[in-house]
Amino acid sequence: MFRNSNNVLINGGTFIEHNENHRAQSSEAIKQLLEASSLGALHNSGDRFDPPKCHPNTRTTVLQKLMDWFIGKFGWDNFMIWLYGPAGVGKSAIAQTFAELCAAKNRLLASFFFSRSDIRRNNEKTVVATLAYQLWLHIPESRLIIEAVINNNPAIFRLNFNTQFDTLILDPLLQLAGTGRFTSGTPFPNLIIIDGLDECNGADVQNTILHTISKALQRHHLALPFRFLLVSRLEYHLTTSFSVPPLHSLTFRLALDDTYKPDEDIRIYLTDSFRDIRKTHIMGDHLPDSWPSEEDIAKLVAKSSGQFIYAATVIRYVSAPQCNPLDCLKIIQGVLPVNDDRPYAQLDALYISILSGVKDIKAVLQTLGVAFVLTKIRIEPLAVNYLEEFMQFTPGTVKLLLIDLLSVVDASDSRKPIKFLHASFSDFLIDPTRSHQFFINPCERHKEAAHFCISVIESLDNATPLLKLAYQSLLKHLRLAGPLHDNTTLREKIFNVPYVQHFTTYALNMSKDGPLIYRRSLSEDPAVFLAFLQTSEFSQTEELYLHHRGIFDQILCKSLALIPLSPCVAFWNAVCAGGIPKFHPLDFLETFRVLSYSLADNLSASVPGFLFSALFDQIQKASRWRGHAWYYIYCITGTLYQQVVREFLNDPSRAGPYAVGKSTYTTAAVFMVEFAVRAWDPTKYISPLAYERDQWNFVWDAFAFMLSKAEYSAELFNTLGKRNLTFNLGRPQCDVRHWVQTLFGAVRNYLLKFNGSSPSPFKIIINWTGHSIDSSDYVINSFTDTDLMDYLSRGRPFYVDESILPSDEDIQGPAGQ
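An unreviewed UniProt entry annotates the chain as Nephrocystin 3-like N-terminal domain-containing protein of Psilocybe cyanescens.

Structure, rendered in structure tokens:
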């Protein structure tokens, strides 16, 4: 120390006193540094006893990705990596595990683990001091510099974050860099980890921390070969900061998404943890090796939605020593009721913490609630832009409302639905024992959704899918809305909703949708609406029902008035009023064409299709119903709608002049017999595809039924009394004996009814060959009861007489009547 020095004079103990003062100053500086630090934020702090970390053999892919970045295999110019993801996916566990891996190799310079619940770790005041302490600890050459800073300015820890960082972190590192410390080849730790940045109070503070670090890296990256791992949830302000310079170019973004197969890692964790429970739990001897089953594990994995905190909560609850693990798992599965022990306490605390930071919580819960109940009753959830229109929000409102919930829901793409990132979050929201002030009452949300549906129906806007949503969802919402008796507001809206009036326009617009043509009916047609009103719990529900039924009747009368009266129209009215479609659930529109041959060029004028299905308004769209491939397979019968129309047609007080009576049935019978006796020609053929679906059964049934209802008609009586009465009808698909017996009995009974006896000898010639044949060819082909088997007489004309009738009674009516 004194080499080459001359005339050195040491007086007394001055030198010793100087060293003692230096040590005292150093000790005081370290004391201040420690007091200003939050040692609980260190990765190995005793305050963070048993911190979350990755289960063995899990998260290996993402940990390797972090290590590859750290050692420079990729992103060599990305001095910062942002690891982000939803709440509860295990971000802190990954940060903790990576910190331990790097610390074991003496590569971890410093770490700071934020915590919202710790006043020493939920703000920026202790961050720089904590990092500076670790810099002082791990790089000895920095100690004198840091101590000098504190001694020279004892108030340093009360200054702003930028000043603290520049003075206690940046300047000491630059001084060391100037001495060649980081280029000397001597190893040094160079990784700094900041976890849970989103848990630091205040978005502005979080952005300040980011920009201070990024500014230092941008200006001095050549001199400072240090790397930062920043871990947080996907918050909007953080996303914005990382998307603009200089952070954008300095940072590699690493999203914890399905790329890293969290489900498989959760499966490993659950399997290993349940195995440990079977080995170590006090009830272990009573736990079978097969418990839990693979199916149980799979359901827990699915429920986790990539959320490790859910799986950890399940294991923590099931492994509690004072409880039976078998019962605990059943409680988790919902098989047993929840006790007072709150199995999801940790998970609930997380969600409550997130929701507590939301600004307009009422609007947020309403939005989430409506989105939730819509999802529950729809196959496809509603996209955000349509949800905004449905709830009468201005565009962009949903994204703004949910901006504080990016860690649990995703509404970033307005063309996609709101996505609940965790299945357990929606469970939490609809359980009042868990969510408390944040409880979403599904009944109330269904009521709100019903109001919105009514507004959409009133607007009658076909430009969006909302009209379809409204019609398909309204009754479902009302059924799930809980007690309705005292809900006068909703009742008034239901009373005034133009549900029936607007349905025709809605159905016509829906008919442009290809898949609709294969549907037998609409679950939201007016008949379903009327049936709901009949049994609803609204006050004065009878008044509601009769009001809308009256509107329905007016529309039917108006439509019937537009169709010219004809025997064909009378026939179809009688078919509907007689309830024949009820017994033929597989009859098709092709039958209309065949039986309406005389007016086939204008089918809408011959068949009042709106009596059979709410989908058809052929008065307006006649040309659409002919010439399509689906014309031969569209199922048109056997619906609730036809039951309502049947009641209408049979009630003169409702249908007025359009009510079906004896005269209608007589006209229909004449029409039916004319069709039956008409010779075979191309217009009389039912397509093979329709034939395979029993269309001729419908024809035979309608024939017999109309005769059983008809009054006397000279034309009808004379036709049926002809000597060689021949019916050219296609062969029934099955039950041949029954159909032939029924037809013969109906003709015989009609003649008996108005003549007192049938012609003798009385026979009916039946030709189902599809060819016109001289009646004399039939004489030798007499069939008896035993001949009419399903597998016989497929290609021959024949005649039948009274010998085919059962000996004990005549056939009185058509099948099923």
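Trainee: Can you walk me through empty space enclosed by the protein in this structure?
Mentor: Gaps left between atoms show up when a probe the size of a water molecule is rolled over them. All chains considered together, the criterion is met by six cavities of 30 Å³ or more. Volume-wise, the largest cavity comes out at about 80 Å³. Phe165, Ile169, Leu170, Leu173, Ile192, Ala216, Leu217, Leu224, Phe226 and Phe228 are the residues that line the largest cavity. Broken down by secondary-structure element, the contributors of at least two residues to the lining of the largest cavity are helix H6 (161-178) and helix H7 (203-220). Looking at the lining of the largest cavity element by element, the count peaks at four residues for H6. Taken together, the residues of the lining of the largest cavity break down into ten nonpolar, no polar and no charged.

Trainee: Where do I start with the side chain of His55 in this structure?
Mentor: Locating His55 in the fold gives a position in the loop between helix H1 (14-36) and helix H2 (60-70). Given a relative accessible area of 18%, His55 falls into the buried group. Here Asp272 takes part through its side chain, which lies 2.9 Å from a polar atom of the side chain of His55. Leave out the neighbours within four places in its chain, and His55 touches Ile268, Tyr269 and Asp272.

Trainee: Can you help me understand helix H14 (residues 345-356) in this one?
Mentor: Over its twelve residues, H14 runs 16 Å from end to end, which matches the ideal 16 Å to within 8%, given 1.5 Å per residue. Considered for burial, the residues of H14 that qualify are Leu347, Asp348, Leu350, Tyr351, Ile354 and Leu355. End-on view of H14: buried residues confined to an arc of 155°, all on one side of the axis. Among the structural elements, helix H12 (308-318), helix H15 (361-377), helix H18 (423-429) and helix H19 (432-435) are those in contact with the buried residues of H14.

Trainee: Hey, could you run me through the layout of surface pockets in this one?
Mentor: In this model, the largest pocket occupies a volume close to 1,400 Å³. Taken together, 40 residues make up the lining of the largest pocket; nearest its centre are Pro52, Ser92, Ile309, Arg316 and Gln346. Those elements giving two or more residues to the lining of the largest pocket turn out to be helix H3 (91-104), H12 and H14. Residue contributions to the lining of the largest pocket peak at five residues, all from H12. Looking at side-chain class alone, the lining of the largest pocket contains 15 nonpolar, eleven polar and 14 charged residues. Each of domain 1 (25-260) and domain 2 (262-334) contributes no fewer than three residues to the lining of the largest pocket. Secondary-structure elements contributing two or more residues to the lining of the second largest pocket are helix H8 (236-242), helix H10 (262-280), helix H17 (397-401), strand E6 (409-410) and strand E7 (419-420). Partitioning the lining of the second largest pocket into residue classes produces 16 nonpolar, six polar and seven charged. Each of domain 1 (25-260) and domain 2 (262-334) contributes no fewer than three residues to the lining of the second largest pocket.

Each value, and the rule that gives it
- Residues numbered from 1 in each chain as written.
- Predicted model: local features only at pLDDT ≥ 70, side-chain atom pairs only at ≥ 80, totals over all residues.
- Heavy atoms only, no water.
- 1 Å grid on protein atoms, 1.4 Å probe; cavity = no way out; pocket = protein on both sides within 12 Å on 5 of 7 lines; lining within 4 Å.
- Points joined across faces, edges and corners; volume = space filled by probe spheres on them.
- Helix = DSSP H or I, 4+ residues; strand = E, 2+ residues; numbered from the N terminus.
- Nonpolar A, V, L, I, M, F, W, Y, C, P; charged D, E, K, R; others polar.
- Buried < 20%, exposed > 50% of the residue type's maximum accessible area, 1.4 Å probe, protein only.
- Polar contact = N/O pair within 3.5 Å; in protein donor to acceptor, adjacent residues only side chain to side chain.
- Contact = heavy atoms within 4.5 Å.
- Expected span 1.5 Å × (residues − 1).
- Arc of directions from axis to C-beta.
- Domains from an automatic or database assignment.

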